[in-house]
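Analysis of the macromolecular model
What follows is the residue order along each chain.
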Amino acid sequence: MTELGLPKEIQACLFDLDGVITKTAVVHAAAWKRTFDDFLRRRDGDGFRPFGDADYDEYVDGRPRADGVRSFLASRGIELPEGKPEDSPDDETVHGLGNRKNDLLLELIRTDGVEAYDSTLRYVEAVRAHGLRTAVVSSSANCEDVLKSVGAEALFDVRIDGVVAAERQLPGKPRPDTFLAAAKDLGVDAPAAAVFEDALAGMDAGRSGHFGYVVGVDRVGQGDALRAHGADVVVRDLAELGAQR
């Protein structure tokens, strides 16, 4: 292992955004809860079963927006029309609910702002100082704006986010395609790239993509689940990998 806490063959690092680089995972969770609870209350009345933390981890976290809607609704035996990406947030379609969630997310970001994990930014700087290339891989369509808001855009050679994935028709996590695209854009094969993720879907993507090293970032006490889904190592903070300078 190198002083970065990575195997010697690693040449590139692929970082998830929410929960790894920025403290936005909790904001996403709050926006999803409001979206689904409002929908379920309208559908089932006040006795509805709320959207919970386990639902977020299993069905939504790390997935593209529409995939998260489909996955959670399927877990409750609910089917909705697919609709279109431009659907109104008031439409009871897959895309309508997804757009409602995005509106709530942006509202929360505008109200509360976005913070980065400083230890992650220091780690990325250390990685780059050692000659490794870096990419951000996120299902969020707001990734570029969020990176700019925390002054981190220049730390990444490649960005594969929800916008780029749609343009290239790349399936999202838990499929490995977005991570594989990032590695290809950086000019490395998957075994020479490390994945840094906090979501179970991201762990699945790292494992199925046969990446050289998968780092699970445990912000919420789900270390065992991260390992079960493919993490080679689990840390609570990237400072634990020993690369802080």
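Shown above is the structure to which this text applies.
Residues numbered from 1 in each chain as written. Predicted model: local features only at pLDDT ≥ 70, side-chain atom pairs only at ≥ 80, totals over all residues. Heavy atoms only, no water.

Our focus in this paragraph is the overall build of the chain. A count of helices and strands for the chain gives ten helices and six strands. A compact globule built from 245 residues would reach a C-alpha radius of gyration of about 18 Å, and the chain, at 18 Å, matches this within 12%. Oriented by its inertia axes, the alpha-carbon framework of the chain measures out at about 55 × 35 × 30 Å. The contacts of the chain with a sequence gap of at least 6 include a subset with a gap of at least 24, amounting to 61%. With 30 positive and 44 negative side-chain charges, the chain shows a separation of 1 Å between the mean positions of the two kinds. (Helix = DSSP H or I, 4+ residues; strand = E, 2+ residues; numbered from the N terminus. Rg over C-alpha atoms; globule rule 2.2 N^0.38 Å. Contact = heavy atoms within 4.5 Å. Lys, Arg positive; Asp, Glu negative; His and termini not counted. Charge placed at Lys NZ, Arg CZ, Asp CG, Glu CD.)

Our next topic: the sheet that holds strand S5 (residues 213-217). One open sheet accounts for six strands, arranged S3-S2-S1-S4-S5-S6; its pairing is parallel. In this open sheet, the two strands that pair with only one neighbour each are strand S3 (158-160) and strand S6 (233-235). Within the sheet, the average angular offset between the axes of one strand and its neighbour, ignoring direction, is 20 degrees. Two strands pair when backbone bridges link them, and S5 and S6 are joined in this way by three bridges, in the parallel orientation. For Val-217, the partnering residue across the bridge sits in S6 and is Val-235. (Pairing = 2+ DSSP bridges. Axes fitted to C-alpha atoms, helices over the stretch in contact; angles between N-to-C directions.)

Those residues of helix H3 (residues 65-75) lying buried are Ala-66, Gly-68, Val-69, Ser-71, Phe-72 and Leu-73. The inward-facing, buried residues of H3 contact helix H1 (25-44), helix H2 (53-60) and helix H4 (94-112). Looking at the residues trailing H3, positive phi occurs at Gly-77, about 70 degrees. (Buried < 20%, exposed > 50% of the residue type's maximum accessible area, 1.4 Å probe, protein only.)

This part takes up the pairing of strand S2 (residues 133-137). With respect to burial, S2 is a largely interior element, four of its five residues being buried. As defined by bridge partners, strand S1 (residues 12-15) adjoins S2 across four bridges and the pair is classed as parallel. In the sheet register, Phe-15 faces S2, and the bridge partner there is Val-136. Sheet topology places S2 next to S3; three bridges connect them, and they run parallel. Note on S3: the bridge partner recorded for Val-137 is Ile-160. Regarding the hand of the β-α-β motif, the stretch spanning S2, helix H6 (residues 143-149) and S3 is right-handed. (Right-handed = clockwise from strand over helix to strand, strands pointing away.)

It is worth spelling out the nonpolar core at this point. Of all hydrophobic cores here, the largest spans 38 residues; its most connected members are Leu-6, Phe-15, Ile-21, Tyr-123, Phe-156, Phe-196 and Leu-238. Breaking this core down by element, the ones donating at least two residues are S1, H1, H4, helix H5 (118-129), H6, strand S4 (193-197) and S5. Among the elements that line this core, the one with the most residues is H5, at five residues. If we ignore the near neighbours within four places in the chain, the residues touching Phe-156 are Phe-15, Ile-21, Val-124, Arg-128, Thr-134, Ala-135, Val-136 and Leu-147. (Core = buried A, V, L, I, M, F, W, Y, C linked by side-chain atoms within 4.5 Å.)

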